[in-house]
Amino acid sequence: MTIKFLAAALAFLFTFNSAWAQAPIVIKFSHVVAPDTPKGQAAERFKLLAEQFTRGRVKVEVYPNSQLYKDKEELEALQLGAVQMLAPSLAKFGPLGVKEFEAFDLPYIFPSKAALYAVTEGPIGRELLQKLQSKGLTGLAYWDNGFKVMSANRPLHVPADFRGLRMRIQSSTVLDAQMRALGARPQVMAFSEAYQALETGLVDGTENPPSNMYTQRMHLVQKHLTVSNHGYLGYAVIVNRKFWEGLPTDVRAALERAMRDATAFEKTIAQRDNDRALEAIRKAGKTTIYYPTPQEQAQWRAALLPVHRQMERRIGKDLLDAIARETAKK
């Protein structure tokens, strides 16, 4: 009887330990935008590839639309290990203490996507990601969204049209200075709260790539949209550094491969989705879409380019000069 009991107990322990050993590594991937945005689709692509390349050793749980955390909360959650992966906008790293990332918020800093990729895919981009290590984060990739449009409930043709408007922005010293340069009053607000604030009139307008504006239905409460392409919105995919460094080497290599493939996919769909979103906004018929004339574009640039000089000391003149040299090649 005793021998049978011991045999059964050992069999149970072996089965339990084997099941425990085979339990998948869970990666909670939180983000604040809709699943059908470029970032949302790329997160799902990464989930698919990560689980495939690790043969089920990793399970990725994607939480879109601020289901777990809002803008201000998600980075702290990552540092504490409550989630393992995020793809916050590059503006989020300034308040975290890595002010160099605020260069991406500067108006008209990237004349084209080719110029942007020369920075993010080259030494400058890699050095910036490396600066996140001291914050307990590891940067894996840059994901693209696109150039931003301005929207409000009155036409925005020239800088004077912004005077007095309450414009929703991300928490960014550069974006604050940008709106003030236009004569507007910047209002820092979580992305998940922007639609309701626009609907109720708490704020008058905002800036977004078209895909974000459309998927959050902001076009239903904004009568005017100007295709200004004045600034860029991108993301950095980051993980909790302790979690990442604690992964088995082969698992980490498989996840790096999944991230490379997901990043390539994301870049192919970003511009396409923004173009489709702008057309969908047009077809909805709620918003007048305006393209500034060359003369009006010159006024925008004259108003906004001085922000670069204002931010030199904060971001670093050497970095801004290096970006200028790199983008001039494209």
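Computed from a prediction, not measured in an experiment: that's the story for all the values here.

## Here we look at unusual backbone geometry
Although it is not a glycine, Asn-65 adopts a positive phi angle of roughly 55 degrees. Considering the arrangement of structural elements, one finds Asn-65 in the loop between strand S2 (58–63) and helix H3 (71–80). The partly exposed category is assigned to Asn-65, whose relative accessible area is 36%. Of note, the phi angle at Asn-229 is positive, near 50 degrees, even though the residue is not glycine. Looking at the secondary structure, you find Asn-229 in the loop between strand S9 (224–226) and strand S10 (232–240).

## A word on the environment of Ala-236
By secondary structure assignment, the location of Ala-236 is in strand S10. Spatially, the C-alpha atoms of Ala-236 and Phe-93 are 9.5 Å apart, while their sequence positions differ by 143 residues. Setting aside its immediate chain neighbours within four residues, Ala-236 contacts Leu-86, Ala-87, Pro-88, Leu-90, Phe-93, Leu-129 and Ala-141.

## Points about the packing of aromatic side chains
In total, this model carries 9 aromatic pairs according to the counting rule given. Grouping aromatic residues by their ring pairs yields a cluster made of Phe-93, Phe-101, Phe-104, Phe-110, Tyr-142, Phe-147 and Tyr-232. Its guanidinium or amino end placed over the ring of Tyr-235, Lys-39 lies 3.8 Å from that ring's centre, counting from NZ or CZ. Its guanidinium or amino end placed over the ring of Phe-265, Arg-45 lies 3.9 Å from that ring's centre, counting from NZ or CZ.

## Brief notes about the sheet that holds S2
Here we have 5 strands laid out as an open sheet, ordered S2-S1-S3-S10-S4, and mixed in their pairing. The sheet terminates laterally at S2 and strand S4 (137–147), the two strands that pair on one side only. Here strand S1 (residues 25–30) pairs with S2 via 6 bridges, running parallel. Across the sheet, Ile-27 pairs through a bridge with Val-60, a residue of S2. Against the sheet, H3 engages S1, strand S3 (85–86), S4 and S10, with an angle of about 25 degrees to S10. With respect to the sheet, helix H6 (residues 123–130) is in contact with S4 and S10, its orientation differing from that of S4 by roughly 130 degrees.

## Concerning the nonpolar core
By size, the foremost hydrophobic cluster in this structure holds 45 residues, and its most contacted members are Phe-29, Phe-46, Val-60, Met-85, Trp-143, Leu-225 and Leu-255. Secondary structure elements with two or more residues in this core: S1, helix H2 (38–53), S2, S4, helix H8 (191–200), S10 and helix H11 (249–284). In terms of residue count, H11 provides more of this core than any other element does, 8 residues in total. Ignoring any residue separated from it by four or fewer positions in sequence, one finds Val-60 in contact with Ile-27, Phe-29, Phe-46, Lys-47, Ala-50 and Glu-51. Leu-78, Phe-93, Leu-116 and Val-174 belong to the second-largest nonpolar core, a separate cluster that totals 36 residues.

## Here we look at the side chain of Lys-148
Take Lys-148: it is sitting in the loop between S4 and strand S5 (149–152). The class for Lys-148 is buried, based on a relative accessible area of 3%.

## Structural notes on the packing of helix H12 (residues 294–304) against helix H13 (residues 306–315)
The angle between the axes and the distance between the axes are what describe a pair of packed helices. Close contact between H12 and H13 brings their axes to 4 Å; oriented N to C, the two are set at 20 degrees. One element, H12, and the other, H13, form an angle in the roughly parallel class. Listed contacts from H13 to Arg-301, Ala-302, Ala-303 and Leu-304 of H12 are Pro-306, Val-307 and His-308. Looking at side-chain class alone, the contact of H12 with H13 contains 5 nonpolar, 1 polar and 1 charged residues.

## Here's the deal with the pattern of salt bridges
Tallied over the full model, the rule gives 17 salt bridges. Glu-207 is the salt-bridge partner of Lys-148, the closest N and O atoms lying 3.0 Å from each other. Placement of Lys-148 in the loop between S4 and S5 and of Glu-207 in strand S8 (residues 205–208) is noted, with a sequence separation of 59 residues between them. Summarising the burial analysis for this pair, Lys-148 and Glu-207 share the class buried. In this structure, Arg-282 and Glu-279 form a salt bridge, with 3.3 Å as the shortest nitrogen-oxygen distance. Here Arg-282 pairs with Glu-279, and both are found in helix H11, just 3 residues apart, close to one helical turn. The exposure class of Glu-279 is partly exposed, given its relative accessible area of 33%.

What counts and how
- Residues numbered from 1 in each chain as written.
- Predicted model: local features only at pLDDT ≥ 70, side-chain atom pairs only at ≥ 80, totals over all residues.
- Heavy atoms only, no water.
- Helix = DSSP H or I, 4+ residues; strand = E, 2+ residues; numbered from the N terminus.
- Buried < 20%, exposed > 50% of the residue type's maximum accessible area, 1.4 Å probe, protein only.
- Contact = heavy atoms within 4.5 Å.
- Phe/Tyr/Trp six-rings, centres within 6.5 Å; stacked < 30°, edge-to-face > 60°.
- Lys NZ or Arg CZ within 6 Å of the ring centre and 35° of its normal.
- Pairing = 2+ DSSP bridges.
- Axes fitted to C-alpha atoms, helices over the stretch in contact; angles between N-to-C directions.
- Core = buried A, V, L, I, M, F, W, Y, C linked by side-chain atoms within 4.5 Å.
- Parallel < 35°, antiparallel > 145°, perpendicular 65-115°, else oblique.
- Nonpolar A, V, L, I, M, F, W, Y, C, P; charged D, E, K, R; others polar.
- Salt bridge = Lys/Arg side-chain N within 4 Å of Asp/Glu carboxyl O.

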